[in-house]
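Tertiary structure, described
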Amino acid sequence: MRSYMKTTAMALALTVAAGVAKADGHGVEVLHWWTSGGEAAALNVLKEDLEGQGVSWTDMPVAGGGGEQAMTVLRARVTAGNAPTAVQGLGFDIIDWANQGALANLNDVAAAEGWDDVVPAALQQFAKVNGVWVSAPVNVHSTNWVWANKSVLDANGIAVPETWEDFTAALETLAAAGVTPIAHGGQPWQEATVFDAVAMSTLGPDGYQAAFVDLDPEVLGSDAMREAFDRMAVIRANVDENFSGRDWNLATAMVINGEAGFQMMGDWAKGEFLNAGQTPGEDFLCFRFPGTQDQVTFNADQFMMFDQGGSVSSEQAALASAILSPSFQSAFNVVKGSVPARTDVSDADFDACGRQGIADLAAAAESGNLFGSMAHGHANEAAVKNAMYDVITAHFNGEYDSETAVEELVLAVEIAQ
Ligand code: GAL
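Residues numbered from 1 in each chain as written. Predicted model: local features only at pLDDT ≥ 70, side-chain atom pairs only at ≥ 80, totals over all residues. Heavy atoms only, no water.

Focus: helix 2 (residues 37-52)
Under the convention used in this document: Labels follow the DSSP assignment, with helices taken as runs of H or I lasting at least four residues and strands as runs of E lasting at least two, numbered in each case from the N terminus. One less than the residue count of a helix, multiplied by 1.5 Å, gives the span that helix is expected to have.
Taking 1.5 Å of rise per residue, the 16 residues of helix 2 would be expected to cover 22 Å, and the 23 Å separating its terminal C-alpha atoms lies within 8% of that figure. Just past helix 2, the residue Gly54 takes up positive phi, approximately 80°.

Right, dumping it as structure tokens:
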């Protein structure tokens, strides 16, 4: 058991004298799931920023893409009365913790720095709960991307596919050439990530909203949904035999080293290409999943500040402030593959994929084509999301056909609500 009593008392005296928020005197403990090469490189940008301000960082990484394992560890810590200072969180999970009264109030920092004016409305709905800022948005990712190995495509005469038919033709060409068409990691959250894009392409934006946000049973059980499952079966037929359980970044590595042609994955995949020294347009290509060129299914990583028994600490305030600073938003997101969580950050330092991501996000927000990702907790609460995961994964693994999958989906969602 560590004792911070002395340092806490000293820090308190100092901060009271300086008229700033109470300090807890022991820096920040940050729970997150950024453990792949590209993710760790991005996280370092934040660590170094804070350490430069004299705030020490205790790292609490919990491996597991999408954060499911991290959320399990978090629940155990909170139940034990030992919540970490700051925790990576997504969408409805943040709202849930806020409603449980577990999060600190960041309104003073937010007001001093004008977050209301610069954080997009789509993010504020998950960062500000009942008028209280409870988390600091780091980025905006989106899930409806495809990543491709450029020389593999060139060698096989494949242009960027614009339609589902182009895409399936490309898959056939690659399979005939002995290349694994699609790099995939068989984990439920990865299958759901692929499904985000596939369902958007068959249901269209109104259908996506009706199915995943409004949970309309007619749309969940529709022919268009069955078509989405049929397309998932085509994708399943184009992955290698070792896909089961593979981590997402190992699937990305297959595209990086030319073992596979494509990966359907959120733009955190770009962090892996960059970390491997690759350049967009030269070594790899990024494009929106065919049929979703005008849509963006987004998820935003945020750091929730857990209430440590009093007002927000000066270290938590420093972390929140560092996260929202325009220079950090640029430096971090350039490395991470995401785009800034503020609307006023220049795209000058971003590569071609990043600039497209920034432009796509703005255009989708403007045209009503921006949707919270079902797969990453931005369309519905965890119980519903997990019910959808179960059906998508069972179908992907051949437990039932598409007809049964839509029936199971309707049922599972009904039970989860
Ligand atoms: C997402 C998260 C990303 C990335 C990805 C894979 O949920 O938003 O930042 O970490 O999981 O781990």
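From this point, the narrative continues.
Re the domain arrangement of the chain
Often, the extent of an interface is quoted as the loss of accessible area upon association of its parts. The condition is simple: Start and end positions for the domains come from either an automated domain assignment or a database one. Whether two residues are in contact is decided by their heavy atoms: any pair within 4.5 Å suffices. Computed with a 1.4 Å rolling probe, the buried area is the accessible surface lost when two parts are put together, summed over both parts. The salt bridge definition used is simple: a Lys or Arg side-chain nitrogen within 4 Å of an Asp or Glu carboxyl oxygen. Pairing of N or O atoms within 3.5 Å defines a polar contact, subject to two protein rules: one partner must be a possible hydrogen donor and the other a possible acceptor, and residues neighboring in sequence count only if both atoms are side-chain atoms.
Assigned domains within the chain: domain 1 (2-140 + 299-357) and domain 2 (142-297 + 367-416). Look at where the C-alpha atoms of domain 1 and domain 2 centre, and you get two points 29 Å apart. Facing 28 residues of domain 1, the contacting portion of domain 2 comprises 29 residues. In this assembly, domain 1 packs against domain 2 so that about 2100 Å² is buried in total across both faces, 56% of it on carbon and sulfur atoms. Together, Phe92, Asn299 and Cys353 form the three largest contributors to the area buried by domain 1 at its contact with domain 2, with a combined 28%. Of the charged contacts, one joins Asp351 and Lys270 as a salt bridge, the two residues approaching to 2.9 Å between their closest N and O atoms. In this structure, the connection of domain 1 to domain 2 is made through 7 residue pairs in polar contact (both at pLDDT 80 or more). Secondary structure elements with two or more residues in the side of domain 1 that touches domain 2: helix 2, helix 4 (91-99), helix 7 (121-127), helix 16 (326-336) and helix 17 (352-367). Broken down by element, the residue count for the side of domain 1 that touches domain 2 peaks at 5 residues, all from helix 17.

Digging into the environment of Trp115
Short version of the rule: Under the scheme applied here, a residue whose accessible area is under 20% of the maximum for its type counts as buried, over 50% as exposed, and between as partly exposed, the area being computed with a 1.4 Å probe on protein chains only.
Here Trp115 lies in helix 6 (residues 115-118). Residue Trp115 is classed as buried on the basis of its relative accessible area of 0%. The spatial distance from the C-alpha of Trp115 to the C-alpha of Pro137 is 9.9 Å, given a sequence separation of 22 residues. Look past the residues within four positions of Trp115 in its chain and what remains in contact with it is Leu106, Val109, Ala110, Gln124, Trp133, Ser135, Ala136, Ala320 and Leu324.

Side note on the packing of helix 18 (residues 382-396) against helix 19 (residues 402-416)
We apply this condition: Lines are fitted to the C-alpha atoms to define the axes, a helix being fitted only along its stretch in contact, and any angle between axes, read from their N-to-C directions, falls within 0 to 180 degrees. Oblique is the label for any angle not covered by the other classes, which are roughly parallel (under 35 degrees), roughly antiparallel (over 145) and roughly perpendicular (65 to 115). The sense of a crossing depends on the near helix, which, turned anticlockwise from the far helix by less than a right angle, makes the crossing left-handed and, turned clockwise, makes it right-handed.
Following both chains from N to C, one finds helix 18 and helix 19 inclined at 160°, their axes separated by 9 Å at the closest point. In terms of orientation, helix 18 and helix 19 fall into the roughly antiparallel class. Between helix 18 and helix 19 the crossing geometry is right-handed. Of the residues in helix 19, those in contact with Ala383, Val384, Ala387, Met388, Val391 and His395 of helix 18 are Ser402, Ala405, Glu408, Leu409, Ala412, Val413 and Ala416.

Quick word on the pairing of strand 1 (residues 28-32)
To keep it simple, the criterion reads: Classification remark: right-handed applies to a crossover when, strands pointing away from the viewer, the course from the first strand over the helix to the second runs clockwise. Pairs of strands are assigned from DSSP output, requiring at least two bridges between the strands.
In terms of residue burial, strand 1 counts as a mostly covered element, since 5 of its 5 residues are buried. Both faces of strand 1 are covered, namely the face carrying Val28, Val30 and His32 and the face carrying Glu29 and Leu31. Following the backbone out of strand 1, through helix 2 and into the adjacent parallel strand 2 (residues 57-61), one traces a crossover that is right-handed. Relative to strand 3 (residues 86-90), strand 1 runs parallel, the two sharing 2 bridges. The residue of strand 3 that forms the bridge with Leu31 is Val87.

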